[in-house]
Structures are given as C-alpha cells and as structure tokens.
Amino acid sequence: MNFKELMETRYTTKHYDATRKVDDQTLRAILEAVRLTPTSVNSQPYHFYVLTGEAKQKLRDGIKDFNQKRYDAASHAIVISCKTKIDEEHLKAVLEAEIKDGRLPNEDLVAAQDKSRHFFSNLHIENGDFEAWTCKQAYIAFATLVYAAHDVGVDSTALEGIDYDKVNEIMGFKDKGEACALVVSLGYRAQDDSNTLDKRPKSRLSVEQLVSFID
Ligand SMILES: Cc1cc2nc3c(=O)[nH]c(=O)nc-3n(C[C@H](O)[C@H](O)[C@H](O)COP(=O)(O)O)c2cc1C
C-alpha cells in the first residue's frame, strides 16, 4: 500500500477479535518503524511499554469504562510515556547512538550536538513546558505507530480516554520522571467491528477548508 492508501484505509478499531494475537515478529516490525520517528533535536524523549497478560490486566483500572471492552479484547496495549524532566542518561544514550550510526564524525560535532540538545531541553524547562514538549514528540511516535501497524495488517485504537493519574500511578511513572502521553491498543478487528469503513466512511475536512495558501 502506498502512503495515501494507508491514510485512507486505517481507521480506529472499536471491537477486537479477542482470539487473535499479534505475533512477536509483526510487533517487532511495527516497533522498528516507530523507532525511526523524527523528534525535535532527535531527542526521542519517550518510552514505549508493551503490555500483555498480567501487566495489561493491571493497567485496566486506568482505562475509562467506555474504552475497557476494546482494551480487553485487544492483543497488546502500548503505553507511550514522555519525559517529565531532563534525563542525562537518556541524552547520553541518544548521543552515543548518533556517534555509532555515523551521524557525528568528529569531536566538534559531538560537542555541538550535545550542547544543542541540552540548550533546547533547558529552554523548555525555563519556559515551563518541558513535559508538553516531550509529549508532543510522543504524539508523533503515536502516529508512526498506528500507520506502521496498519501497514502490517494490525488494527489499533488511540486511547486518550484513560485516567492519566491512575495510569501514571500503576506504571510507577512519577519515580521514573515520566508521564503517560497516551495508550494505544493493537490487535485485529472483530468481524462485526462497528467502525469499519463500509459502515463508517472516513470523514475529514477538505484541503480547501484545512489549508490556506499564502504568498
Ligand atoms: C489522540 C487520539 C485519542 C483518541 N482517543 C480515543 C479513545 O479514547 N477511544 C476511542 O474509541 N477512540 C479514540 N480516538 C479515535 C478518534 O475518535 C478517531 O481517530 C477519529 O474519530 C477519526 O476516526 P478514524 O481514526 O477512524 O479515522 C482517539 C484518536 C486520537 C487521534
């Protein structure tokens, strides 16, 4: 499928087939795409928790009633967290990966990149919007996730209908310097899923409504 077809055919799954599980290889393919998400200063200030079994069951308390059935029947739940404070270990890991991947071929570039990432991180701390900034990056990864899933035939649901305090508590995020951005369920649609495109065609505003061309 080309990109436009992916955009046209992905939809929010409301009813999952509880008997079907996403296998490890398929999940891995999705996560390999997600890790390529672009972020501000390549900060990648997020983490993905892939929950199944008891861990998924434990998080259920943090899922709003209206989302619980779909949460239960889905194969996996992915909690996307974002950083709530500067994590030096994380920034070091990002820098090391850039060096290893050949992005920073000399010491001057290494120092400049490290300085730039700290500059922008500190700027958002000073502005008081650090978590909002990291959370925005998490939402970019969310978009990658749902389209990467669709590309390999896996259905998904964005779950903002959650109790954020409870999710943060269950996941122990406060102590980790993280906060939940959102939860995404993955699985396979039920045959009678109420939200398939034949029953609920995709609807968006037109380009003319959404876009202003300014010379
Ligand atoms: C950030 C975000 C949060 C959402 N939260 C929920 C949710 O909690 N439960 C749900 O059933 N759908 C949720 N949705 C699905 C939206 O209602 C859906 O994406 C929108 O109506 C467009 O439909 P489509 O995804 O099928 O194209 C969410 C979507 C997004 C992007």
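Look up a bit, the structure's there.
Keep in mind that this is a model prediction, so the values were computed, not measured.

Engineer: Would you mind showing me how to read the nonpolar core here?
Structural biologist: Core analysis: the biggest nonpolar cluster contains 25 residues, and Ile30, Ile80, Leu145, Val154, Val184 and Leu186 have the highest contact counts within it. Of all elements in the fold, only α2 (24-34), β2 (76-83), α7 (130-151) and β4 (178-187) reach the threshold of two or more residues within this core. If you tally residues by element for this core, the top one is α7, at 9 residues. Excluding anything up to four places from it in sequence, Val184 contacts His76, Ala77, Ile78, Ile80, Phe142, Leu145, Val146, Ser156 and Thr157.

Engineer: Quick question: what am I supposed to make of the state of the cysteines here?
Structural biologist: A covalent bond bridging the sulfur atoms of two cysteines is what the word disulfide describes. Applying the stated criterion across every chain yields a total of 0 disulfides. Free of any disulfide, Cys135 has its nearest cysteine sulfur in Cys82, 4.1 Å distant. Take Cys180: it sits in no disulfide, and the sulfur closest to it among the cysteines is that of Cys82, at 7.9 Å.

Engineer: When you look at the site of the ligand in this model, what are you seeing that I'm missing?
Structural biologist: Close contacts around the ligand come from 16 residues, with Thr12, Lys14, Ala158, Lys202 and Arg204 the closest. A distance of 3.2 Å separates an oxygen atom of the ligand from a polar atom in the backbone of Glu160. Protein burial of the ligand: of its 620 Å² of free accessible surface, 68% is covered by the chains. Mapped onto the shell around the ligand, the elements with two or more residues apiece are α4 (65-73), α7 and β3 (155-159). Counting residues per element, the shell around the ligand draws most heavily on β3, at 3 residues. Split into classes, the residues belonging to the shell around the ligand amount to 5 nonpolar, 5 polar and 6 charged.

What counts and how
- Residues numbered from 1 in each chain as written.
- Predicted model: local features only at pLDDT ≥ 70, side-chain atom pairs only at ≥ 80, totals over all residues.
- Heavy atoms only, no water.
- Core = buried A, V, L, I, M, F, W, Y, C linked by side-chain atoms within 4.5 Å.
- Buried < 20%, exposed > 50% of the residue type's maximum accessible area, 1.4 Å probe, protein only.
- Helix = DSSP H or I, 4+ residues; strand = E, 2+ residues; numbered from the N terminus.
- Contact = heavy atoms within 4.5 Å.
- Disulfide = S-S within 2.5 Å.
- Near = heavy atom within 4 Å.
- Polar contact = N/O pair within 3.5 Å; in protein donor to acceptor, adjacent residues only side chain to side chain.
- Areas by Shrake-Rupley, 256 points an atom, 1.4 Å probe, with all protein chains shown as cover.
- Nonpolar A, V, L, I, M, F, W, Y, C, P; charged D, E, K, R; others polar.

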